[in-house]
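# Reading the structure
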Amino acid sequence: MELKNKRIVIGITSAFYAIEKVIPQIEKLINNGADIIPVMSFNCYNLDFKGFSKQIENITGKKIIHTIEDAEPIGHRISTDIMAIIPCTGNTIGKLANGIIDTPVLVSAKTNLKSGNNLVIGVATNDGLSIEAENMGKLLKQKNVFFRNVKTNEKISKNVASFEFIKYIGRIYNIYDL
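Residues numbered from 1 in each chain as written. Predicted model: local features only at pLDDT ≥ 70, side-chain atom pairs only at ≥ 80, totals over all residues. Heavy atoms only, no water.

Within the secondary structure, asparagine 135 sits in helix α7 (residues 132-140). On the basis of relative accessibility, which here comes to 12%, the residue asparagine 135 falls in the buried class. Among all residues touching asparagine 135, those that are not within four sequence positions of it are Ile93, Gly94, Ala97 and Asn98. (Helix = DSSP H or I, 4+ residues; strand = E, 2+ residues; numbered from the N terminus. Buried < 20%, exposed > 50% of the residue type's maximum accessible area, 1.4 Å probe, protein only. Contact = heavy atoms within 4.5 Å.)

The following block contains the structure:
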């Protein structure tokens, strides 16, 4: 089976050391039929010194959404099936857990959750599970919020975006042969 006709929002935050590991995951999702909507935080988009934005736009065939105005319709006027924030910084986790919705990625996450869609978070923080543990706990209590590859080891958590994200998405849709 494939992810044909599944619209997946990929929210990318400013964990620059992990973005290059997300790009192959996006390619795998597309190769399995997914329709990807790329969304970036302000900082990630505006400080893109390695050209990741252009790479992602070329892979997806879509302009990256990087403003709140453009992100707001995602999840209700623009229907979606699931959203993933990979890599997700500790700052983004803290804001989401405490209702601070002030970036394109957070606006997309909020509207997707309000629409009843799943939100998968791939943590990429040098804080590990120290300060962010409380905020992650708040999010774990919410319906439809899932964390993937949370590790306490700093080296591993910085590389969290390299996980086999596509297999996790497949399991959510009961597709085990991706």
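The discussion continues.
The full count for this structure, using the stated rule, is 5 salt bridges. One salt bridge in this structure joins arginine 7 and aspartate 35, with 3.0 Å as the shortest N-O distance. On the criterion of sequence distance, the pair formed by arginine 7 in strand β1 (residues 7-12) and aspartate 35 in strand β2 (residues 35-40) is long-range, its members being 28 residues apart. Residue aspartate 35 is classed as partly exposed on the basis of its relative accessible area, which comes to 25%. Residue lysine 54 pairs with glutamate 57 through a salt bridge whose shortest N-O separation is 3.4 Å. Within this pair, lysine 54 and its partner glutamate 57 are both found in helix α3 (residues 52-60), separated by 3 residues, close to a single helical turn. Accessibility expressed as a relative area gives 11% for glutamate 57, which makes it buried. Look at the salt bridges and you will find they share partners, linking Arg7, Asp35 and Lys62 into a network. (Salt bridge = Lys/Arg side-chain N within 4 Å of Asp/Glu carboxyl O.)

Assignment of secondary structure puts glutamine 55 in helix α3. Residue class for glutamine 55 comes out partly exposed when judged on its relative accessible area of 35%. Not counting residues up to four positions away in its chain, the partners in contact with glutamine 55 are Ile23 and Lys50.

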